[in-house]
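A look at the structure
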Amino acid sequence: MLVDFNALPDTSRIWIYQANRSLTPEELEDIKQALDDFIVGWTAHGSELTAGYEIKYKRFIILALDQTNASASGCSIDTSVRFIQTLEEKYNIELLDKMNVSYKQGEFIAYKTLVEFKNMAKNKSVSKKTIVFNNLVANKFEYLNHWEVPAEESWHSRFM
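Nothing here was measured: the structure is a model prediction, and the numbers come from that model.

A few points about the overall build of the chain
Scanning the chain from terminus to terminus reveals four helices and nine strands. Relative to the 2.2 N^0.38 estimate, which gives 15 Å for 160 residues, the radius of gyration of the chain is 16 Å and therefore close to what a compact globule would have. Overall, the C-alpha framework of the chain stretches about 50 × 30 × 25 Å when taken along its three principal axes. Across the 160 residues of the chain, 45% fall into the buried class. Put simply, 63% of the contacts in the chain that link residues at least 6 apart link residues at least 24 apart. Working note: accessible area of the chain is about 8,500 Å², and carbon and sulfur atoms make up 49% of it. Placing the 18 positive and 22 negative side-chain charges of the chain at their respective mean positions leaves the two points 10 Å apart.

Notes on the sheet that holds strand S1 (residues 13–18)
The strands making up a sheet associate through hydrogen bonds between their backbones, and the pairing can be parallel or antiparallel. The strand order across the open sheet formed by three strands is S1-S5-S4, and the pairing between neighbours is antiparallel. Since the sheet does not close on itself, it has two edges, and those belong to S1 and strand S4 (50–56), each with one partner. Adjacent strand axes in the sheet meet at a mean angle of 15° when their direction is disregarded. Packing of helix H1 (residues 25–41) onto the sheet brings it into contact with S4 and strand S5 (60–66), and relative to S4 it is tilted by some 170°. Where helix H2 (residues 74–91) meets the sheet, it contacts S1 and S5, and its direction lies at approximately 20° from that of S1.

Topic: the side chain of Arg59
Tracing the backbone shows Arg59 in the loop between S4 and S5. Lacking a salt bridge, the buried Arg59 has Glu94 as its closest oppositely charged neighbour, with an N-O distance of 9.6 Å.

Re the packing of H1 against H2
Interhelical geometry of H1 versus H2 gives an angle of 160° and a closest axis separation of 12 Å. By the angle between their directions, the pair H1 and H2 is classed as roughly antiparallel. In this structure, H1 crosses over H2, and the sense of that crossing is right-handed. Across from Glu27, Asp30, Ile31, Ala34, Leu35 and Phe38 in H1, the residues of H2 making contact are Thr79, Ser80, Phe83, Leu87 and Tyr91. For the contact of H1 with H2, the per-class residue count stands at seven nonpolar, two polar and two charged.

Section: H1
Over its 17 residues, H1 runs 25 Å from end to end, which matches the ideal 24 Å to within 8%, given 1.5 Å per residue. Of the surrounding secondary structure, the elements contacted by the buried residues of H1 are S4, S5 and H2.

As for the layout of surface pockets
Computed from the structure, the largest pocket encloses a volume of approximately 180 Å³. Residue lining of the largest pocket: 14 residues in total, with Lys98, Asn100, Asn135, Leu136 and Trp155 positioned closest to the centre. When contributions to the lining of the largest pocket are tallied by element, the ones reaching two or more residues are S1 and strand S6 (100–105). Among the residues forming the lining of the largest pocket, the class breakdown is seven nonpolar, five polar and two charged.

Some words on the pairing of S4
Among the seven residues in S4, six count as buried, and that is most of the element. With seven bridges connecting them, S4 and S5 associate as antiparallel partners. Counterpart to Ala51 in the pairing with S5 is Leu65. What sits between S4 and S5 in their antiparallel hairpin is a turn of three residues, with Tyr57 showing a positive phi close to 55°.

Rules of the game
- Residues numbered from 1 in each chain as written.
- Predicted model: local features only at pLDDT ≥ 70, side-chain atom pairs only at ≥ 80, totals over all residues.
- Heavy atoms only, no water.
- Helix = DSSP H or I, 4+ residues; strand = E, 2+ residues; numbered from the N terminus.
- Rg over C-alpha atoms; globule rule 2.2 N^0.38 Å.
- Buried < 20%, exposed > 50% of the residue type's maximum accessible area, 1.4 Å probe, protein only.
- Contact = heavy atoms within 4.5 Å.
- Areas by Shrake-Rupley, 256 points an atom, 1.4 Å probe, with all protein chains shown as cover.
- Lys, Arg positive; Asp, Glu negative; His and termini not counted.
- Charge placed at Lys NZ, Arg CZ, Asp CG, Glu CD.
- Pairing = 2+ DSSP bridges.
- Axes fitted to C-alpha atoms, helices over the stretch in contact; angles between N-to-C directions.
- Salt bridge = Lys/Arg side-chain N within 4 Å of Asp/Glu carboxyl O.
- Parallel < 35°, antiparallel > 145°, perpendicular 65-115°, else oblique.
- Left-handed = near helix turned anticlockwise from the far one by under 90°.
- Nonpolar A, V, L, I, M, F, W, Y, C, P; charged D, E, K, R; others polar.
- Expected span 1.5 Å × (residues − 1).
- 1 Å grid on protein atoms, 1.4 Å probe; cavity = no way out; pocket = protein on both sides within 12 Å on 5 of 7 lines; lining within 4 Å.
- Points joined across faces, edges and corners; volume = space filled by probe spheres on them.

Printed below as a string of structure tokens:
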């Protein structure tokens, strides 16, 4: 069941997919429709899943699942990953590569490989105060409060 992202409880499970580039307005509209269609039919062992999403900065797809009535199963998670893979193929973007880092440079969202980010930290091109996106957050509360944080407050701190 598709619900408004803001209506989901803070305990909702979160998956964050970061794109390697900004999405165009046309792509965003198409992806929103595809997400709507996917979530409407998303189930776990025949039970309807209550989920929503938001897209931030034309780059991040945040999928949230209220596990109050039904939790994600291995099969339902696999189904969501296959859906994300179809988006990757259709729009020629990377969404599943977890070895990349996104961070803010003013209002711009930068996207670098982990190796590049480590080198930038070493060379002081990014600092402990650089705003990074901690895509490892597990639930909506963590997403709302600990997703966009200074590098020193995230797993990224190990490179500073």
